[in-house]
Amino acid sequence: MLGNIKFIGELGKLDLIHESILHKCIKTLLEKKKRIQLKDMGEDLECLCQIMRTVGPRLDHEKAKSLMDQYFGRMRSLMNNKDLPARIRFLLQDTVELRENNWVPRKAFIDNGPKTINQIRQDAVKASVLAFWVLVLFKDLGVFIPAMTSGMRTDFFQDNPFIPTRMSRETLGGLADMFGQMPGSGIGTGPGVIQDRYSPTMGRHRVNPLFNGHGGHMAPASQSQFDKPFMKPNQGQNLLFQNQTQQQAQSKDMPPRFTKKGQLNADEISLRPAQSFLLNKTQVPKLQPQIPTMIPPSAQPPRTSTPPLGQPPQLGLKTNPPPIQEKPQKTNKKPPPAKEELLKMTETVMNEYLNSKNISDAVNGVREMRAPKHFLPEMLSKIIVCSLDCPDEHKEHVSRLIHALRTEGLITGENFMQAFLNVLEQCPKLEGDIPLVKSYLAQFAARAIIAELMTIADLAHPLENGTHFPLFLLCLQQTAKLKDKEWLTDLFQQSKVNMQKMLPEIDQNKDRMLEILEGKGLSFLFPLMKLEKELLKQIKADPAPQTIYKWIKDNISPKLHTDKGFVNILMTSFLQYIFHEMYSDDGEDQLSAPSKEQLDQEKQLLLAFKPVMQKFLHDHVDLQVSALYALQVHCNTKAFPKGMLLRYFVNFYDMEIIEEEAFLAWKEDITQEFPGKGKALFQVNQWLTWLETAEEEESEEEAD
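Remember, it's a predicted structure, so these values are computed and weren't measured experimentally. (Residues numbered from 1 in each chain as written. Predicted model: local features only at pLDDT ≥ 70, side-chain atom pairs only at ≥ 80, totals over all residues. Heavy atoms only, no water.)

Undergrad: Could you give me a rundown of the overall build of the chain, with the residues and numbers involved?
TA: What the chain contains, in helices and strands, is 31 helices and 2 strands. Counting every position in the chain, which comprises 704 residues, the buried fraction comes to 36%. Taking contacts inside the chain between residues at least 6 apart in sequence as the whole, the part at least 24 apart equals 69%. (Helix = DSSP H or I, 4+ residues; strand = E, 2+ residues; numbered from the N terminus. Buried < 20%, exposed > 50% of the residue type's maximum accessible area, 1.4 Å probe, protein only. Contact = heavy atoms within 4.5 Å.)

Structure below.
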């Protein structure tokens, strides 16, 4: 489960999962399961901490602040609960502290993570440079450096930009001599030391032939067989003889204790080739001649040039240039027609279609236009504008043509939506010639919604805050005429469009919205809004339970009896009537503690309405939770009179109107739809804790 939560968190971090789904996951992990003890919720809480650390910074913004406060309030209460294991409590504490620190993790939580190859190479270069200078320092201090082993790499130090050129370009294999017998370190230190020209300390005394009172004798620099060009065998013997002669001449000036160390025994010199050269010819790779590194690149011969006379051709190099591939001839494509030509062709196709009513010819005509994709919205705009002032029959044929173009794959829903927006921008100009342009445009929009070219949500987005009002309501009117009211009601509820935002800002309230919808014949979209006013009037006229139940059956569709909005209105109407009967309109009586007579009256009214409440709430825990939220909002509206919420909770529990499971579900549920949840929990938290403990004891007794 933890792995799945990590995966969900990473998807949420990349914005591949909507915030509502992440909130739902968090709520599921936070709520207490029925018949599961708190100590067994460790896995859920660990997953909660994981998803909070992953997507917490994304969810913790101003709009969701109240939700996040409720999450962490619940986590703080669990953090101090001794029933949870210590590891889980510390995880919760770390997560809470992470949010308090603005989601900046502590150093212990900062993961270095994987590194790229370039980063690894840079770290290795830094380490090699550091090791080089440490060895140089040790050599200056006279510290013994062991000989180089066969497993050590020396190729890494070649051509290193951080190592001085004097030390890396002249010796065999870069710094290989440093890890073997370092120059100047095999003869000792102190007075009388013989320094060579590779010694780090020699740079300070190179201008002075004397060092500590003694002559600085330098051995000739050995040159690698790979640092110079190939030579003939007799040249190698002559060079060896010259070196021996030079060494004998220099040994005359050497102190006696160093003469043996500088001499070479002829028996020790082996002219036999090394073991690596005795392999089978098939195993020996072909070697390419090396170009001396001291020659600048501009003076080196080109790799593809013919070798000089008397030298064998270089191995491994391509002497023949690759064959030249001929480029295929470009086919002369006919350029697409210009914009003006396309507009004329569109108008011609439209006129022919409206005269002949042949939809297949019109589709073929659009296909033969070969219009580019960026022109398609403008083409559709031209089709719509040309038919706005036509009879309704022509508008219907044009809508069929647009639907056929979509079916044939010549246009998309996005093309039509862009064309619709383009026509909307032209509305102020078109209204001068076509006064009913919005009504005609609403017909196209209604047919597009029915043909699924666009959705109600797509239509509502550019028309929010009363833009082009009342075009949105006209579109709904036309859709209801072409289809039916129930189909439109279901489609509108699925769209989740906020009708108040579709009105001008001055009319964005429930009363004004209901009045406008009734005037447009669209009040059927919000049947519960009309019920909210009429039900309270009916209760005040006749509070008898039988009369109320009969009125509900006669005026409200049975489909709405299990709707949360209906239960919310029903409970709100009952609570408002009880409050009005208990208190006068004077605010002082509402703030004061109720008398015993008022408490008895409140209880009697609840008992009177009990059959109606049970009829709609029995065996529906989700509807009972909605009833508790209606009570919460009612108390919040009245500024939470002292003891009111707790009295209703106890009465609902004793009268068996609300079940235990619904009370606990309301406690664990986290939502920002209904205000006052924090204050409500503060007033009834102790009673809910008692209820939860009593339920656990009953479950343990049943288990025994």
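Undergrad: An account of the nonpolar core is requested, with residue identities and associated values reported.
TA: The biggest cluster of nonpolar side chains holds 67 residues, and the ones touching the most others in it are Met-379, Leu-459, Phe-472, Leu-476, Phe-492, Met-499 and Leu-525. Top element by residues in this core is helix α18 (residues 437-450). It accounts for 8 residues. Setting aside chain neighbours within four positions, we find Phe-492 in contact with Ile-456, Phe-472, Leu-476, Val-497, Met-499, Leu-525 and Phe-526. If you look at the next biggest cluster of nonpolar residues, it comprises 55 residues, including Val-567, Leu-606, Met-644 and Ile-658. (Core = buried A, V, L, I, M, F, W, Y, C linked by side-chain atoms within 4.5 Å.)

Undergrad: Go over helix α20 (residues 471-482), please, and point to the residues and values.
TA: For α20, spanning 12 residues, the distance from its first C-alpha to its last is 17 Å, which sits close to the expected 16 Å at 1.5 Å a residue. For α20, the buried fraction is high: 9 of the 12 residues fall into the buried class. Regarding α20, the residues found buried are Leu-471, Phe-472, Leu-473, Leu-474, Cys-475, Leu-476, Gln-478, Thr-479 and Ala-480. Against the buried residues of α20 lie α16 (413-425), α18, α19 (456-460), α21 (485-495) and α22 (510-520). (Expected span 1.5 Å × (residues − 1).)

Undergrad: Could you give me a rundown of the environment of Pro-377, with the residues and numbers involved?
TA: Along the polypeptide, Pro-377 turns up in helix α14 (residues 376-387). The sequence separation of Pro-377 and Met-417 amounts to 40 residues, and the corresponding C-alpha distance is 8.1 Å. Apart from the residues within four sequence positions on either side, Pro-377 is in contact with Asn-415, Gln-418, Ala-419 and Asn-422.

Undergrad: Run through the packing of aromatic side chains, naming residues and quoting values.
TA: The geometry of two aromatic rings is summed up by the distance between their centres and the angle between their planes. Evaluation of the coordinates by the stated rule reveals 17 aromatic pairs. Centre to centre, the rings of Phe-566 and Phe-616 are 5.2 Å apart; their planes meet at 75°, and the pair counts as edge-to-face. Of the two residues, Phe-566 sits in helix α25 (residues 564-582) while Phe-616 sits in helix α27 (residues 596-617), which places them 50 residues apart along the sequence. For the pair Phe-566 and Phe-616, a shared accessibility class is recorded, and that class is buried. An aromatic cluster of three or more residues is present, and its members are Phe-649, Tyr-653, Phe-663, Trp-666, Trp-687 and Trp-690. The cationic tip of Lys-395 hangs over the ring face of Tyr-440; the distance from NZ or CZ to the ring centre is 4.0 Å. Against the face of Trp-666 rests Lys-677, its NZ or CZ located 5.0 Å from the ring centre. (Phe/Tyr/Trp six-rings, centres within 6.5 Å; stacked < 30°, edge-to-face > 60°. Lys NZ or Arg CZ within 6 Å of the ring centre and 35° of its normal.)

Undergrad: Residue-level account of a negative patch on the surface, with values.
TA: Residues Asp-619, Asp-654, Glu-656 and Glu-659 make up a contiguous surface patch of negative charge. Residue position: Asp-619 is located in the loop between α27 and α28 (621-637). You can call Asp-619 exposed: its relative accessible area is 57%. (Patch = residues over 30% accessible without salt bridge, like charges linked within 9 Å, V, L, I, M, F, W, Y side chains within 5 Å. Areas by Shrake-Rupley, 256 points an atom, 1.4 Å probe, with all protein chains shown as cover. Salt bridge = Lys/Arg side-chain N within 4 Å of Asp/Glu carboxyl O. Lys, Arg positive; Asp, Glu negative; His and termini not counted. Charge placed at Lys NZ, Arg CZ, Asp CG, Glu CD.)

Undergrad: Tell me about unusual backbone geometry, and please be specific about residues and values.
TA: The step from Phe-469 to Pro-470 runs through a cis peptide bond, and the omega angle for that step is 5°. Turning to its location among the elements, Pro-470 is positioned in the loop between α19 and α20. Of note, the phi angle at Arg-370 is positive, near 50°, even though the residue is not glycine. With respect to the helices and strands, the residue Arg-370 is situated in the loop between α13 (359-369) and α14. A relative accessible area of 45% places Arg-370 in the partly exposed class.

Undergrad: Report on the packing of helix α23 (residues 527-541) against helix α24 (residues 545-555), specifying residues and quantitative values.
TA: Close contact between α23 and α24 brings their axes to 10 Å; oriented N to C, the two are set at 155°. The angle between α23 and α24 places the two elements in the roughly antiparallel class. When the axes of α23 and α24 are compared, the crossing they make is right-handed. Seen from α23, the contacting residues are Leu-531, Glu-534, Leu-535, Gln-538 and Ile-539; seen from α24, they are Thr-547, Ile-548, Trp-551 and Ile-552. Considering only residue class, the contact of α23 with α24 consists of 6 nonpolar, 2 polar and 1 charged. (Axes fitted to C-alpha atoms, helices over the stretch in contact; angles between N-to-C directions. Parallel < 35°, antiparallel > 145°, perpendicular 65-115°, else oblique. Left-handed = near helix turned anticlockwise from the far one by under 90°. Nonpolar A, V, L, I, M, F, W, Y, C, P; charged D, E, K, R; others polar.)

Undergrad: Run through a nonpolar patch on the surface, naming residues and quoting values.
TA: On the surface, a nonpolar cluster with roughly 350 Å² of combined accessible area is contributed by Leu-130, Val-134, Leu-137 and Phe-138. By relative accessible area, Phe-138 is classed as partly exposed at 34%.

Undergrad: I'd like a rundown of the pattern of salt bridges, residues and numbers included.
TA: Applying the stated criterion across every chain yields a total of 17 salt bridges. In this structure, Glu-100 engages Arg-76 in a salt bridge whose closest nitrogen and oxygen atoms are separated by 3.7 Å. One end of the pair, Glu-100, is in helix α5 (residues 86-100); the other, Arg-76, is in helix α4 (residues 65-79), with 24 residues separating them in the sequence. Accessibility expressed as a relative area gives 53% for Glu-100, which makes it exposed.

Undergrad: Describe the side chain of Asn-415, with residues and values.
TA: Of note, Asn-415 is situated in helix α16. Residue Asn-415 is classed as buried on the basis of its relative accessible area of 13%. One polar contact links Asn-415 to Thr-412, side chain to side chain, over a distance of 2.9 Å. Not counting residues within four places of it along the chain, the set of residues in contact with Asn-415 comprises Leu-376, Pro-377 and Leu-380. (Polar contact = N/O pair within 3.5 Å; in protein donor to acceptor, adjacent residues only side chain to side chain.)

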